[in-house]
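# Structural features, examined
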Amino acid sequence: MAAISLGSGRPPMRRAFLLLKLTAVTLSVLLFCEFLIYYGVIIRCHWPEVETPADGRGRGPPEPALRAMFLADTHLLGAVRGHWLDKLRREWQMERAFQTALWLLQPEVVFILGDVFDEGKWSSSQAWADDVERFQTMFRHPAHVQLRVVAGNHDVGFHYQMNTYKIKRFEKVFNPERLFSWKGINFVLVNSVAMEGDGCDICSGAEAELLEISQQLNCSQEEHHPGRCGDRGPLPASAPVLLQHFPLYRRSDAHCSGEDAAPPAERGIPFQERYDVLSREASRKLLWWLRPRLVLSGHTHHACEVLHGAGVLEVSVPSFSWRNRNDPSFIMGSFTPTDYVLAKCPMPREDTVLTTYCGAAACLVVLTLVHVRLLASPLHVGWNLLRKFKTT
């Protein structure tokens, strides 16, 4: 009787062992795809090294470079567009990537180059408040890390959609300061949606503000006329870094290259002024007024590097969202008052995660089939083959 009782207890034990194996595989894959993969990919990114100058008189130790992260086009879905599962998935991915990057790379300032939200141009007051709350949760950061954001067309609408209410609503959440100086580096944050050039009130106000900033920057580089700087005092004598959502004017992405550039079939499509890129006139104004040493922009969702005028480099930053790209990334920059170096940090590829999940699903199916004896165990098959090989 004891032998019969012992034998009848084996099937439940085998089922429990199978359940344990399936659970272990499932949890391991989830842990890897939803947490560990972000650390495994982003830990390979390193801040580019830039030669740091000594103080202005050539004495003293070199000042440390400012470490800045640039990302663009997060497109947090709102209440209208997108499936709830798509929203949940994309926001989880961006939150994990951002928090991992903060922890591993420890930037001093983070810039988001517009289109933070996907439906800001038409969202109600309640929907806007909900979107802002989710953004602040996803992109939470320590108090010592600065977060600066420029407006994009999905945040306040294109020129024909934007109004004072939407602009003020955006600026109430994000610092409206257009000129940001830190460690001797000047950053100018432009509302490129307002650079329409048609004389509208919002556009005229934006241009007047940029002209005032231009005067401040020019004053900071004039050593013999400090009185012209007015009450605000001189800025660091450093050519600014221009940050905006729309790229400066270029015909197309035909000369862009790299894995995260636009697909080859799209690169030759001409850009439309005031929609895909700024107009020629607005681009000339910004370059002439501000005389930047570097321009960073978003909007296209693809990477590109373009030289403007007298060798001014513009870098278009790819989208930070997996909804827009299979291979999102962000830019890391090391800045001094006289120099800068940029590097790109890729994030986990969507197809890698999907392939891992598919492989895990296949593994679970095999384990189940072996358990119900519809498929021979690979270990048994290998052992039998080895025995046959030895006998021969």
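Residues numbered from 1 in each chain as written. Predicted model: local features only at pLDDT ≥ 70, side-chain atom pairs only at ≥ 80, totals over all residues. Heavy atoms only, no water.

### With respect to the overall build of the chain
- In terms of regular secondary structure, the chain is built from 11 helices and 11 strands.
- Relative to its 392 residues, the chain shows a buried fraction of 47%.
- Within the chain, residue pairs in contact and separated by at least 24 positions form 73% of the contacts whose partners lie at least 6 positions apart. (Helix = DSSP H or I, 4+ residues; strand = E, 2+ residues; numbered from the N terminus. Buried < 20%, exposed > 50% of the residue type's maximum accessible area, 1.4 Å probe, protein only. Contact = heavy atoms within 4.5 Å.)

### Notes on the pairing of strand 5 (residues 185-189)
- Most of strand 5 is tucked away: five of the five residues are buried.
- Of the two faces of strand 5, the one holding Ile185, Phe187 and Leu189 and the one holding Asn186 and Val188 are both buried throughout.
- Pairing analysis gives four bridges linking strand 4 (residues 179-182) to strand 5, with the strands arranged antiparallel. By the bridge assignment, Phe180 is partnered in strand 5 with Phe187.
- Taken together, the three bridges between strand 5 and strand 6 (residues 241-243) define a ladder with parallel strand orientation. Considered in strand 6, the bridge of Val188 is made with Leu242. (Pairing = 2+ DSSP bridges.)

### A few points about the UniProt feature "transmembrane region" (unreviewed entry) in the chain
- Within this structure's numbering, the places UniProt gives as "transmembrane region" (unreviewed entry) are residues 18-41 and 354-376.
- End C-alpha to end C-alpha, residues 18-41 measures 32 Å, and it is 100% helix and 0% strand. (UniProt positions renumbered as here; feature names shortened; annotations may be inferred.)

### A short note on the sheet that holds strand 1 (residues 66-71)
- Overall, mixed pairing links the five strands, which are arranged 3-2-1-10-11 in an open sheet. One side of each edge strand has no neighbouring strand; the edge strands of this open sheet are strand 3 (146-149) and strand 11 (340-346). Between one strand and the next, the sheet's axes are offset by a mean angle of 20 degrees, whatever the strand orientation.
- Pairing of strand 10 (residues 329-335) with strand 11 involves seven bridges; the strand directions are antiparallel. By the bridge assignment for strand 11, Met332 is matched with Ala343. (Axes fitted to C-alpha atoms, helices over the stretch in contact; angles between N-to-C directions.)

### Brief notes about the packing of helix 3 (residues 84-105) against helix 4 (residues 125-138)
- Where helix 3 contacts helix 4, the axes come no closer than 9 Å and their chain directions differ by 35 degrees. Residues Lys87, Glu91, Met94, Glu95, Phe98 and Gln99 of helix 3 lie in contact with helix 4, whose contacting residues are Arg134, Thr137 and Met138.
- Residues that form the contact of helix 3 with helix 4 fall into these classes: three nonpolar, two polar and four charged. (Nonpolar A, V, L, I, M, F, W, Y, C, P; charged D, E, K, R; others polar.)

### Some details on the environment of Glu222
- Counting through the fold element by element, Glu222 comes out in the loop between helix 7 (201-220) and strand 6.
- A relative accessible area of 29% means that Glu222 is categorised as partly exposed.
- Taking the C-alpha atoms as reference points, Glu222 and Ala237, 15 residues apart in sequence, are found 8.4 Å from one another.

### So, the packing of helix 7 against helix 9 (residues 280-290)
- Between helix 7 and helix 9, the shortest axis-to-axis distance is 9 Å and the interhelical angle comes to 30 degrees. By the criterion of interaxial angle, the relationship of helix 7 to helix 9 is roughly parallel. Contacts from Glu207, Leu210, Leu211, Ile213, Ser214 and Leu217 of helix 7 reach helix 9 at Lys285, Leu286, Trp289 and Leu290. (Parallel < 35°, antiparallel > 145°, perpendicular 65-115°, else oblique.)

### Some points on unusual backbone geometry
- Positive phi is not limited to glycine here, since Lys183 has a value of about 55 degrees.
- Structurally, Lys183 can be placed in the loop between strand 4 and strand 5.
- Non-glycine residue Arg274 carries a positive phi angle of around 70 degrees.
- Along the chain, the position of Arg274 falls in the loop between helix 8 (264-267) and helix 9.

### Re the state of the cysteines
- Enumeration according to the criterion identifies three disulfides in this entry.
- One disulfide in the model links Cys45 with Cys345; its S-S distance is 2.0 Å. The S-S bond linking Cys45 to Cys345 shows a torsion near 85 degrees; that makes this disulfide right-handed. Taken together, the positions of Cys45 in the loop between helix 2 (10-42) and strand 1 and Cys345 in strand 11 put the pair 300 residues apart, joining distant regions of the chain.
- The side chain of Cys200 participates in a disulfide bridge whose partner is Cys203; the two sulfur atoms lie 2.4 Å from each other. Classification of the bridge connecting Cys200 and Cys203 rests on its S-S torsion, roughly 80 degrees, and on that basis the disulfide is right-handed. (Disulfide = S-S within 2.5 Å.)

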